[in-house]
Amino acid sequence: MSITRDRDAARADIEGLAERSSALLDRIERATNDEQRNWRPAAGTWSMVEIVQHIALATAGMFRTTHPASTSLRWRGVPKVALMTRVLRSRIKIRAPVSAIVPRPGVTWDEARTRLSDAVAKWREFVEGDSFDTTAFRHPLTGRITSSQTARFVAEHFDHHVRQIDRLLTAQGLDQLERQNNA
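Analysis parameters
- Residues numbered from 1 in each chain as written.
- Predicted model: local features only at pLDDT ≥ 70, side-chain atom pairs only at ≥ 80, totals over all residues.
- Heavy atoms only, no water.
- Helix = DSSP H or I, 4+ residues; strand = E, 2+ residues; numbered from the N terminus.
- Rg over C-alpha atoms; globule rule 2.2 N^0.38 Å.
- Buried < 20%, exposed > 50% of the residue type's maximum accessible area, 1.4 Å probe, protein only.
- Contact = heavy atoms within 4.5 Å.
- Areas by Shrake-Rupley, 256 points an atom, 1.4 Å probe, with all protein chains shown as cover.
- Expected span 1.5 Å × (residues − 1).
- Core = buried A, V, L, I, M, F, W, Y, C linked by side-chain atoms within 4.5 Å.
- Axes fitted to C-alpha atoms, helices over the stretch in contact; angles between N-to-C directions.
- Parallel < 35°, antiparallel > 145°, perpendicular 65-115°, else oblique.
- Left-handed = near helix turned anticlockwise from the far one by under 90°.

A.B. asks: Would you mind going over the overall build of the protein with me for this structure?
C.D. replies: A count of helical and extended segments in the protein gives seven helices and three strands. Counted from the first residue to the last, the protein has its helices and strands arranged as α-α-α-β-α-α-β-β-α-α. In terms of C-alpha radius of gyration, the protein reaches 17 Å, essentially the compact-globule figure of 16 Å for 183 residues. Its C-alpha atoms put the protein at 50 × 30 × 30 Å along the principal axes. Across the 183 residues of the protein, 44% fall into the buried class. Across the protein, contacts joining residues at least 24 apart in sequence account for 82% of those joining residues at least 6 apart. Here the protein displays about 9900 Å² of accessible surface, and carbon together with sulfur accounts for 52% of that area.

Listed below in structure tokens is the structure:
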């Protein structure tokens, strides 16, 4: 993949992320109240607020792992991203690999929502910026990957957690209520 195609792919991933994150946040806001957003189905599981907070922390947190890119990194990252994508699309549960992306207690819905919107905006700016082609990232489990590969990961990670939120809405019977309201 050429550098231009890398940026185009990242641009598409991040634009899709921006659209889907905005739609998800609006959907949660319409379909739930504060109690429902903070509900946990079991001990040790996350609420919708915590999931959104985690997505924001992971999405923005990738910028703390930047380093200069190398030309060989593009090809070495391909199998890593393929593996991450398979895991994120599976039912395999992986604990957050670093404490910095574990949701913190006491974060409100408005704070989590704002953090996610800000993280996505930061990615939009980065993809269009001058440092895109010269920056690489270090994923805590798979190691070094390119900017484009990291954008792909961020989008897949978001989609993984949307499925988790869908399960929370279903568990509370809110998905049926939402469908009735949209009919």
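Further notes follow.
A.B. asks: Honestly, helix α6 (residues 147–171) in this entry has me stumped. Any pointers?
C.D. replies: Residue pairs spaced three or four apart in an α-helix point in one direction, given the helix's 3.6 residues per turn. Between its terminal C-alpha atoms α6 stretches 36 Å, which fits the 36 Å expected from 25 residues at 1.5 Å a residue. Downstream of α6 by one or two residues, Gly173 has phi in the positive range, about 70°.

A.B. asks: Can you walk me through the nonpolar core in this structure?
C.D. replies: Soluble, globular proteins show a tendency: their nonpolar side chains are buried together. One finds Ile28, Val52, Leu116, Trp123, Phe158 and Ile165 to be the most contacted residues of the largest nonpolar core, which totals 38 residues. Where this core is concerned, the elements lending two or more residues are α1 (3–31), α3 (48–61), α4 (73–89), α5 (109–128) and α6. A per-element tally of this core places α6 first, with eight residues. Excluding residues within four positions of it along the chain, Ile165 makes contact with Leu24, Ile28, Met48, Ile51 and Val52.

A.B. asks: Sorry if this is basic, but what is going on with the packing of α3 against α5 here?
C.D. replies: A pair of packed helices is characterised by two quantities: the angle between their axes and the separation of those axes. The contact between α3 and α5 brings their axes to 8 Å, and the two run at 25°. Put simply, α3 runs roughly parallel to α5. In terms of crossing hand, the pair formed by α3 and α5 is left-handed. Facing Val49, Val52, Gln53, Ile55, Ala56, Thr59 and Ala60 of α3, the residues of α5 in contact are Trp109, Ala112, Arg113, Arg115, Leu116, Ala119 and Trp123.

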